[in-house]
Amino acid sequence: MGQQSTGQLDTVMHESRVFPPTPETSARARIKSMAEYQQLWDEAAADSPAFWARLAKEELHWFQPFTEALRWNEPFAEWFVGGKTNASYNCLDRHVAAGNGDRIALIWEGEPGDKRQYTYAELLREVSKFANVLKSLGTKQGDVVSIYMPLTPELVIAMLACARIGAIHSVIFAGFSAEAIADRNNDAQAKIQITADAAWRRGKVLALKQTVDEALKKSPSVEKCVVLDRVNEAIHIEPGRDFWWHKLMAEASDNCPAEPLDSETTLFILYTSGSTGKPKGIRHTTAGYNLFAKKTFEWVFDHREQDVYWCTADCGWVTGHTYVTYGPLSAGATVLIYEGAPNFPHEGRFWELIERYKVSLFYTAPTAIRAFMKWGDHHVEKYDLSSLRVLGTVGEGINPEAWMWYHRKIGGERCPIVDTWWQTETGGIMMSPLPGATPTKPGSCTMPLPGILPKIVDSSGAEVDATHGGWLTIAHPWPGMLRGIWGDDERFKEVYWSKVPGKYLAGDNARRDADGYYWIMGRIDDVLNVSGHRLSTIEIESALVSHPNVAEAAAVGRPDPLKGEAVAVFVTLRGAEPSEELRKELVKHVRTQIGALAQPDDVRFTGTLPKTRSGKIMRRLLRDIAAGKETVGDTSTLEDYSVLASLRSEEE
Ligand code: PRX
């Protein structure tokens, strides 16, 4: 409990390499030096509402101008009060109206190699048509549309169509289980479901519609379901409820003007794991989020008209919302999306795509980079990566070895690496190098973007000095911040605003070095980061105890060379003996309850869980056991931790 109780951490990282931007990168960048960055940051810090108001006027289309930049009634923020705008308009109509309708908006490649692309004018037509489809199914402003789809252009089209008419999208990653979909649909009271017959994953067919059919049995609020024919699978069609995407689109008009929406209209909810069993519906609104997505995209990637930008995230995660959809499309970028796995049909798939489409801006996750390193350099060396200009990472800290490999092998030692720290809750990137300005240090997300005021504090709220780590907080509201947890204001206050007065508590530990660089040091709560995805230990434990043979369960993270963290679980049984069969069954049970991403890598049976005298599970001990730091006896049968527990009980 040491970390959690004091909020102070001793630092263990000593990375001293510094990589300044090359003169060529700085010369062509929008922000060319640290002096220019500092000037912008100072302007924002001096009067942040005025700074963001200036940008909002320049960067967004307003049907009606706003009258007040920020109304702050902690912890509830309203940005650009009185204004009316539309995120779909900012992503599409604005570019077409400016004469850029022929510019390529989306380039898509499916896993089997099928290819499609859309200009901004074409994407506008498709989005308008699907917006009309949604209306024809009875979707009204404020209705929640649940989206469970593979990464296809139609997923982006569905999101923008919701935004166009003021419906709220709730995208659920297509790896979640029927149970997880139903939980989210019920919490959001979703009215419409959008899905596909199936998806391709490593050459296999994932039966999405079948999973949705299961989910909809338990989602009574859902009235209609639209199904994209992606794979041509035979599926069940429920008369009166299910409709084929292509049939509805064939009849829809392509005229659907974007609805002028109040700035604070909810744009989407996105479920993420917290430190309790129930996922939180993080709520983002229209104008502030849209501005933050656009500006952070332009700053961090130094985007230019001729760039081809590829973010490998799926739209099921926040990165796919902000940096596949709203950020780059608002900026008029050409965005590549790829449906499949990085190692299908071969381990060079990503590099093949970069060569084929001459990708210049590339944004991926450390877990993917570690996998590429493992697969071997020869997969990379076959391809021409000279089009690359800026490389990004997100989702978890990048270890310096992976950073150096990315720098040398992918970036040819010429491309700046932007290590971007942010969260589902922050809406967009909060800390990152700027490619033409910031000297980078491997493993550090460097400095806050303009308008962002991080403070590292201890549990009393006092700022810690440079040699110590502590809780990362943000001292002033920013336009992209979450506006709340769907339907649960109390939880919103409790999780983010109650422990440190007056500041947003991010949930991460961090340290600031003597040069003012920030280093993220992991979570302060029971949230795991598995392959860059957030999982709550309690969510996994709840899934396990719903199995009839599990009496008690504890889930912890274990360091993993590829995933960052792997899931290890300790279970006590009732009415069953430990067996390999039961182990497999429990793994499968977690898959069914949550999804494949939460599947435990290590299941251990124990007679009792080690607990403190006050009854708290000794998670630190379990973490050490899972990591192999504590030797235990025979792990094939029942483990007994009583000796280890009694040695530890005072310190936990
Ligand atoms: O712990 C931090 C880690 O991922 C968490 C946010 O997860 P999620 O909301 O799923 O969003 C992921 C994509 C933005 C953070 O609290 N994290 C994210 N980026 C970094 C990071 N940790 C270290 N360095 C990063 N660049």
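Structure's up top.
Fair warning: this is a prediction, and the values are worked out from it, not measured in the lab.

Asker: I keep staring at the sheet that holds strand β20 (residues 390-393) and nothing clicks. Help me out?
Answerer: Sheet strands pair via backbone hydrogen bonds, and the direction of the pair is either parallel or antiparallel. Here we have seven strands laid out as an open sheet, ordered β6-β5-β18-β17-β19-β20-β21, and mixed in their pairing. Looking along the sheet, the strands with just one partner apiece sit at the ends: β6 (115-119) and β21 (417-419). On average, each strand axis in the sheet is tilted by 15 degrees relative to the strand beside it, whichever way the strands run. Direction of pairing for strand β5 (residues 104-109) relative to strand β18 (residues 334-338): parallel, over a ladder of four bridges. In the sheet register, Glu-109 faces β18, and the bridge partner there is Tyr-338.

Asker: Just to check I follow, could you spell out the site of the ligand for this structure?
Answerer: Around the ligand sit 16 residues, and of these Asp-419, Thr-420, Thr-424, Asp-508 and Arg-534 come closest. Taking Arg-523, its side chain carries an N or O atom lying 3.0 Å from an oxygen atom of the ligand. If the ligand stood free it would expose 540 Å²; the protein chains cover 93% of that surface. Here the shell around the ligand is built from residues that sort into four nonpolar, seven polar and five charged.

Asker: Even after reading the chapter, I still don't get the packing of helix α5 (residues 87-97) against helix α12 (residues 318-330), so can you show me in this structure?
Answerer: The relative placement of two packed helices is expressed as an angle between their axes plus a distance between the axes. For the pair α5 and α12, interaxial distance at closest approach is 8 Å and the crossing angle is 45 degrees. One finds that α5 runs oblique with respect to α12. Handedness of the α5/α12 crossing: left-handed. Contacts between α5 and α12 involve Ala-87, Asn-90, Cys-91 and His-95 from the former and Thr-325, Tyr-326, Leu-329 and Ser-330 from the latter. A per-class count over the contact of α5 with α12 returns four nonpolar, four polar and no charged.

Asker: What am I meant to see in the packing of helix α8 (residues 178-188) against helix α9 (residues 208-217) here?
Answerer: Contact pair α8 / α9: the axes reach a minimum separation of 8 Å and the direction vectors enclose 45 degrees. Taken together, the axes of α8 and α9 are oblique relative to one another. Read as a crossing pair, α8 and α9 show a hand that is right-handed. Facing Ala-178, Ile-181, Ala-182 and Asn-185 of α8, the residues of α9 in contact are Thr-211, Val-212, Glu-214, Ala-215 and Leu-216. Grouping the amino acids of the contact of α8 with α9 by side-chain chemistry returns six nonpolar, two polar and one charged.

Asker: Could you clarify how one ought to interpret the pairing of strand β29 (residues 550-560) in this entry?
Answerer: Strand residues, when the strand is regular, have side chains that alternate between the two faces of the sheet. Of the strand pairs in this sheet, β29 and strand β30 (residues 564-573) are connected by 10 bridges, and their pairing is antiparallel. Note on β30: the bridge partner recorded for Arg-558 is Ala-566. Hairpin connection, β29 to β30: the antiparallel pair is bridged by three residues.

Asker: Got a minute to help me understand the sheet that holds strand β16 (residues 280-285) in this structure?
Answerer: The sheet built from eight strands is open, its strands ordered β13-β12-β9-β7-β8-β15-β16-β24 with mixed pairing. Across the chains shown, the open sheet's two edge strands, defined by having one partner strand only, are β13 (242-244) and β24 (484-485). Its contacts with the sheet put α12 on β8 (168-171) and β15 (266-272), and the angle it makes with β15 is roughly 145 degrees.

Asker: Please clarify how the state of the cysteines should be interpreted in this entry.
Answerer: Think of a disulfide as a covalent bridge from one cysteine sulfur atom to another cysteine sulfur atom. One pass over the full model with this rule turns up zero disulfides. Cys-162 takes part in no disulfide bond, and the closest cysteine sulfur, belonging to Cys-256, lies 11 Å away. Overall, the relative accessible area of 0% leaves Cys-162 in the buried class.

Calculation notes
Residues numbered from 1 in each chain as written. Predicted model: local features only at pLDDT ≥ 70, side-chain atom pairs only at ≥ 80, totals over all residues. Heavy atoms only, no water. Pairing = 2+ DSSP bridges. Helix = DSSP H or I, 4+ residues; strand = E, 2+ residues; numbered from the N terminus. Axes fitted to C-alpha atoms, helices over the stretch in contact; angles between N-to-C directions. Near = heavy atom within 4 Å. Polar contact = N/O pair within 3.5 Å; in protein donor to acceptor, adjacent residues only side chain to side chain. Areas by Shrake-Rupley, 256 points an atom, 1.4 Å probe, with all protein chains shown as cover. Nonpolar A, V, L, I, M, F, W, Y, C, P; charged D, E, K, R; others polar. Parallel < 35°, antiparallel > 145°, perpendicular 65-115°, else oblique. Left-handed = near helix turned anticlockwise from the far one by under 90°. Contact = heavy atoms within 4.5 Å. Disulfide = S-S within 2.5 Å. Buried < 20%, exposed > 50% of the residue type's maximum accessible area, 1.4 Å probe, protein only.

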